[in-house]
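Spelled out, the chains give:
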Amino acid sequence: MTQARIIDGKQVAADLRDSVAARTAQLSYKPGLAVVLVGEDPASSVYVRSKDRAANAAGIAARTIRLPATTTQPELLAVVHGLNADDSVDGILVQLPLPAHIESRPVLEAIDPAKDVDGFHPVNVGRLHEGRPTLVPCTPLGVMKLLAATGVNLRGARALVLGRSAIVGKPMAALLTAADATVTIAHSRTRDLPAECRRAEILVAAVGRAEMVRADWVAPGAVVIDVGINRLPDGRLVGDVAYDECAAVAGAITPVPGGVGPMTIACLLENTLLAAEARRR
Ligand code: GUN
């Protein structure tokens, strides 16, 4: 039934990692990345290990700072300040979610914007929304690279972002706008969500609800990018898009896993390289 072209995120991500490794090898120093993990959330531990491994494979000196779940907010802020002051560190990433007793905003705002490889600091958020060059959040940046690899012409195209989170939806909309798409942000309160989605030539789903986007939400030939990663009770990993039925309608679609996921880490490596180049110029 599949008619859509399958967008191979694993391949695009491997190419980007190779390109980062080649550019890093030309430098007279090793870019440094510090990943901070508080507590023992199993999913976060897996992500952090993958980030560490991919970074070191690309010639980045990565280290993970593991802190106990009982770490206090002032203790975590002190770690961040220490990393800000450490000249060998070009990129700082504090893995989210943080334990419930720690407020994430003050922690993210403590990170030096020049080392903010997540692009979550308000200074970088502001620059992105002004359309100025800055460190851009890795997941939406990865989506832009997948769209480029697919050869989608964004200029004037109707794009819809489903989800308005600070980590994906909002920066995604800003990047698509900067690329001259006509952007709609839709969310749980949007009236007639299926009809809104069906108008889109490019549909980016980032709501975190398993298989919410159905075939009749997708315009024939549309490009569908699925940012969601949801685990079903039976253990299967699925996206926010009902893949099989939507692949029968879409023109191109990302699988889960193997679509957006691998791009996030590859973009983190590129952001670390860009931060290092900008800091050490
Ligand atoms: N947790 C899930 N995704 C992310 C991300 O992109 N950055 C950070 N810091 N934590 C996350």
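As the structure is a prediction and not an experimental result, all values here were calculated from the model. Residue positions are given per chain, counted from 1 along the sequence in the order it is written. Predicted model: local features are reported for residues with pLDDT of at least 70 only, side-chain atom pairs are reported and counted for 80 or more only, and whole-chain, interface and lining totals are derived from all residues. The side-chain values count all of the structure's non-hydrogen atoms but skip hydrogen atoms and water molecules.

(A) Layout of the sheet that holds strand β4 (residues 91-94). Think of it this way: DSSP has to see at least two bridges between two strands before they count as a pair. In DSSP terms, a helix is any run of H or I states spanning at least four residues, a strand is any run of E spanning at least two, and both are numbered starting from the N terminus. The strand order across the open sheet built from three strands is β3-β2-β4, with neighbouring strands paired in parallel fashion. The open sheet has two edge strands with one neighbour each: β3 (61-67) and β4. Taking the axes of each pair of neighbouring strands and ignoring which way they run, one obtains an average angle of 15° across the sheet. Between N-to-C directions, angles span 0 to 180 degrees; the directions come from axes that are lines fitted to C-alpha atoms, helices contributing only their stretch in contact.

(B) Just the sheet that holds strand β11 (residues 252-253), in detail. Judged by pairing direction, the sheet is parallel, and its six strands sit side by side in the order β1-β11-β8-β7-β5-β6 without closing on themselves. One side of each edge strand has no neighbouring strand; the edge strands of this open sheet are β1 (5-6) and β6 (182-186). When strand β8 (residues 223-226) meets β11, the two strands line up parallel, connected through two bridges. Counterpart to Val223 in the pairing with β11 is Ala252. Two residues form a contact once any of their heavy atoms are found within 4.5 Å. Contacting β5 (158-162), β6 and β7 (202-205), helix α7 (residues 169-178) runs over the sheet at an angle of about 170° to β5.

(C) The site of the ligand, seen in detail. Proximity criterion: a residue is near a molecule or strand once any of its heavy atoms comes within 4 Å of it. Residues in close proximity to the ligand include Leu93, Val94, Gln95, Leu96, Asp118 and Phe120, which together make up its full environment. The term polar contact refers here to a pair of N or O atoms within 3.5 Å; inside protein, the definition further demands a hydrogen-donor-capable atom paired with an acceptor-capable atom, and it admits residues adjacent in sequence only when both atoms are side-chain atoms. One of the backbone N or O atoms of Leu96 is found 2.9 Å from a nitrogen atom in the ligand. Contact between the ligand and Asp118: a nitrogen atom at 2.5 Å from a side-chain N or O atom of the residue. All accessible-area figures derive from a Shrake-Rupley calculation using a 1.4 Å probe, and residue coverage is judged against the displayed protein chains alone. Summarising the interface, the protein chains cover 80% of the accessible area of the ligand, which totals 280 Å² for the free molecule. Counting atoms within 2 Å of the grid points, the majority share of the ligand lands in the largest pocket. In this classification, the charged set is Asp, Glu, Lys and Arg, the nonpolar set is Ala, Val, Leu, Ile, Met, Phe, Trp, Tyr, Cys and Pro, and all remaining amino acids, among them Gly, are polar. Of the residues belonging to the shell around the ligand, the class tally is four nonpolar, one polar and one charged. A 1.4 Å probe that fits but cannot get out identifies a cavity on a 1 Å grid over protein atoms alone, an open set with protein on both sides within 12 Å along at least five of seven lines counts as a pocket, and a residue lines either if it has an atom within 4 Å of a point. Here the criterion for a molecule occupying a pocket or cavity is that more than half of its atoms lie within 2 Å of the pocket grid points.

(D) Geometry of the layout of surface pockets. Grid points are joined across faces, edges and corners, and a volume is the space filled by probe spheres set on the points. In this model, the largest pocket occupies a volume close to 1,500 Å³. Along the wall of the largest pocket there are 47 residues; nearest its centre are Tyr47, Thr139, Ile229, Gly261 and Thr264. Residue assignment for the lining of the largest pocket shows that the elements contributing at least two residues are α2 (42-57), β4, α6 (138-150), β9 (230-231) and α10 (261-279). Here the lining of the largest pocket takes nine residues from α2, the largest share from any one element. Here the lining of the largest pocket is built from residues that sort into 27 nonpolar, twelve polar and eight charged. Along the walls of the second largest pocket sit Pro113, Ala114, Asn124, Arg127, Pro133, Thr134, Leu135, Leu274, Ala275, Glu277, Ala278 and Arg281, which together make up its complete lining. Mapped by element, the contributors of at least two residues to the lining of the second largest pocket are α5 (122-129) and α10. Among the residues making up the lining of the second largest pocket, the classes are represented as seven nonpolar, two polar and three charged.

(E) A look at the nonpolar core. Counting 52 residues, the largest nonpolar core has Leu33, Val143, Leu147, Leu176, Ile202, Val204 and Ile225 as its most contacted members. The dominant element in this core, judged by the number of residues it contributes, is α10, at eight residues. Among residues more than four places away in sequence, those in contact with Ile202 are Leu147, Val152, Leu154, Ala157, Arg158, Ala159, Leu160 and Val223. Grouped together as the second largest cluster of nonpolar side chains are 21 residues, Ala4, Leu193, Trp217 and Ala250 included. Residues enter a nonpolar core if they are buried and are Ala, Val, Leu, Ile, Met, Phe, Trp, Tyr or Cys, with the set joined through side-chain atoms within 4.5 Å. Relative accessibility under 20% of the residue-type maximum defines a buried residue, over 50% an exposed one, and the middle range a partly exposed one, all with a 1.4 Å probe and only protein chains included.

(F) Representation of the pattern of salt bridges in the model. Criterion for a salt bridge: a side-chain nitrogen of Lys or Arg within 4 Å of a carboxyl oxygen of Asp or Glu. Overall, the coordinates contain eleven salt bridges when judged by the stated rule. A salt bridge links Asp87 to Arg279; its shortest N-O distance comes to 2.9 Å. One end of the pair, Asp87, is in the loop between α3 (73-85) and β4; the other, Arg279, is in helix α10, with 192 residues separating them in the sequence. By relative accessible area, which is 59% here, Asp87 ends up exposed. Of the residues examined, Arg279 reaches a relative accessible area of 25% and is grouped as partly exposed. One salt bridge in this structure joins Glu270 and Lys145, with 2.9 Å as the shortest N-O distance. On the criterion of sequence distance, the pair formed by Glu270 in helix α10 and Lys145 in helix α6 is long-range, its members being 125 residues apart. For Lys145, a relative accessible area of 24% puts it in the partly exposed group. A cluster of three or more residues bridged by salt bridges with shared partners is formed by Asp87, Asp90, Arg279 and Arg280.

(G) Seen up close, α6. End to end, α6 covers 18 Å across 13 residues, agreeing with the expected 18 Å (1.5 Å per residue, within 8%). The buried count for α6 comes to ten of 13 residues, which makes it a mostly enclosed element. Looking only at α6, the buried set comprises Cys138, Thr139, Pro140, Leu141, Gly142, Val143, Met144, Leu146, Leu147 and Thr150. The first or second residue beyond α6 is Gly151, which carries a positive phi of 80°. What a helix is expected to span follows from its residue count: subtract one and scale by 1.5 Å.

(H) Examining α10 more closely. The end-to-end C-alpha distance of α10 is 28 Å, a good match for the 27 Å that 19 residues give at a rise of 1.5 Å each. For α10, every residue scored as buried is listed here: Met263, Ile265, Ala266, Cys267, Leu268, Leu269, Glu270, Asn271, Thr272, Leu273, Ala275 and Ala276.

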